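# Understanding the architecture of this molecule
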Amino acid sequence: PAALAERGVGMPAGVSEVVLVGQGLVSAYGAGVERCADGLLAGRRAYRTGAGRGWPAALEQLPAGFAPRGGRADGESPFHGLLEDLFAGVSVPADAALFVATTIGAVDRLEKSVLAGAEPPETESLSAIPAWLAARLGLEAARAQVVSSACASSTAALALAASAIRRGEIDCALVVGADAVSEFVLSGFSALMAVDPGGARPFGEDRKGVTLGEAAAFALLTSRAR
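Residues numbered from 1 in each chain as written. Predicted model: local features only at pLDDT ≥ 70, side-chain atom pairs only at ≥ 80, totals over all residues. Heavy atoms only, no water.

## Things to note about the overall build of the protein
When its secondary structure is counted, the protein shows eight helices and nine strands. Counting every position in the protein, which comprises 226 residues, the buried fraction comes to 39%. Of the charged side chains in the protein, 19 are positive and 24 negative; the average position of the first set lies 5 Å away from that of the second. (Helix = DSSP H or I, 4+ residues; strand = E, 2+ residues; numbered from the N terminus. Buried < 20%, exposed > 50% of the residue type's maximum accessible area, 1.4 Å probe, protein only. Lys, Arg positive; Asp, Glu negative; His and termini not counted. Charge placed at Lys NZ, Arg CZ, Asp CG, Glu CD.)

Here is the structure:
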């Protein structure tokens, strides 16, 4: 926007400029955007094997980026735990519209239900996630929605939120993206032979695939006029 202003180009009439006023991240590097950026720039690896998680032996030997579990209860869903950690001590404007981006949500709980021969709880469906998080943050459930479009989920959610602000439909949006590493996800990528057992080497000539990681992040967007 500043560069456009210098050239005499402004925002079209009736279109609001969108600004980022807050952000947060929980990843395998720990809590905080800076911690993740520092780790990446320093070339530190934040992945490890899934040993001890009770998965099939072949999966437990594969590397993945697991976020710190802290003092979470053993029965807590990693997906919900990521979001709890992300918003610990964070306050959000009460009028923010909520956009939740996730590929599969709390699929670990669905796994347990299926393996036990039980019906998966409705509260763990993708459509139920926005209402749960809205209640957790004190937001209106009617202004919350889920965006699930595989690897593009968070990008799509950001675009939807920013577009709504530009059109003047809302002037504040909280965009949240989260996914946890689970047996379902890891086995799927493994079946496609897309996981490098030695860790991802995106620029290596002998690269063999990706390394999965879990994280939760948020971006708080507003109109500049707010």
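Additional details are given in the paragraphs that follow.
## Quick notes on the pattern of salt bridges
If the charged atoms of two oppositely charged side chains come close together, the side chains can form a pair. Here the structure, examined in full by the defined rule, presents seven salt bridges. Of the charged contacts in the structure, one is a salt bridge between Arg224 and Glu17, with a shortest N-O distance of 3.2 Å. Of the two residues, Arg224 sits in the segment after β9 (215–223) while Glu17 sits in the loop between α1 (2–6) and β1 (18–27), which places them 207 residues apart along the sequence. Exposure remark for Glu17: the relative accessible area of 18% places this residue in the buried category. (Salt bridge = Lys/Arg side-chain N within 4 Å of Asp/Glu carboxyl O.)

## Overview of the pairing of strand β7 (residues 172–179)
Buried residues dominate β7, accounting for seven of its eight residues. Judged from the five bridges that link them, strand β5 (residues 97–101) and β7 form a sheet pairing that is parallel. Among the inter-strand pairings, Leu98 is bridged to a residue of β7, identified as Leu174. Relative to β9, β7 runs antiparallel, the two sharing eight bridges. Across the sheet, residue Cys172 finds its bridge partner in β9, namely Thr222. (Pairing = 2+ DSSP bridges.)

## Focus on the nonpolar core
Grouped burial of nonpolar side chains is what soluble globular proteins tend to show. Leu86, Phe87, Leu98, Leu139, Leu174 and Val176 are the most contacted members of the largest nonpolar core, which totals 26 residues. Elements that contribute at least two residues to this core include exactly α4 (78–86), β5, α6 (129–137), β7 and β9. Val176 has contacts with Leu83, Leu86, Phe87, Leu98, Phe99, Val100, Ala101, Leu133, Ala217 and Phe218, leaving out every residue within four places of it along the chain. Of all hydrophobic cores here, the second largest spans 12 residues; its members include Ala161, Ala164, Ile165 and Val175. (Core = buried A, V, L, I, M, F, W, Y, C linked by side-chain atoms within 4.5 Å. Contact = heavy atoms within 4.5 Å.)

## A word on the side chain of Ser153
Along the chain, Ser153 turns up in helix α7 (residues 153–166). For Ser153, a relative accessible area of 3% gives the class buried. In terms of polar contacts, Ser153 uses its side chain to reach the backbone carbonyl oxygen of Ala150, at 2.7 Å. If we ignore the near neighbours within four places in the chain, the residues touching Ser153 are Ala101, Thr102, Thr103, Val147 and Ser148. (Polar contact = N/O pair within 3.5 Å; in protein donor to acceptor, adjacent residues only side chain to side chain.)

## Thoughts on α7
Compared with an ideal rise of 1.5 Å per residue, which puts 14 residues at 20 Å, α7 spans 20 Å between its outermost C-alpha atoms and is within 8% of the ideal. The complete set of buried residues in α7 reads Ser153, Ala157, Ala161, Ala162, Ala164 and Ile165. For α7, the arc enclosing every buried residue in end-on projection is 160°, short of the 170-degree limit, so these residues lie on one face. Of the surrounding secondary structure, the elements contacted by the buried residues of α7 are β1, β5, β6 (144–147), β7 and β9. Residue Gly168 follows α7 closely and has a positive phi angle near 85°. (Expected span 1.5 Å × (residues − 1). Arc of directions from axis to C-beta.)

## Observations regarding the environment of Arg35
For Arg35, the position within the fold is in helix α2 (residues 33–42). In this structure, the C-alpha to C-alpha distance between Arg35 and Leu25, residues 10 residues apart in sequence, is 9.1 Å.

## A look at the sheet that holds strand β3 (residues 48–49)
An order of β3-β4-β8 is seen for the three strands of this open sheet, with the pairing classed as mixed. Lying at the two open borders of the sheet, with one neighbouring strand each, are β3 and β8 (212–213).

## Observations concerning the sheet that holds β6
What the six strands build is an open sheet, ordered β2-β1-β9-β7-β5-β6; its pairing is mixed. Taken across any chain shown, the strands that pair with only one partner, and hence form the sheet edges, are β2 (30–31) and β6. Contacts between α2 and the sheet are confined to β1 and β2, with β1 contributing the most and set at about 70° to the helix. (Axes fitted to C-alpha atoms, helices over the stretch in contact; angles between N-to-C directions.)

## A word on the pairing of β9
By the criterion of burial, β9 is predominantly enclosed, with seven of the nine residues buried. Examined bridge by bridge, β1 and β9 share eight bridges and lie antiparallel to one another. For Gln23, the partnering residue across the bridge sits in β9 and is Ala219.

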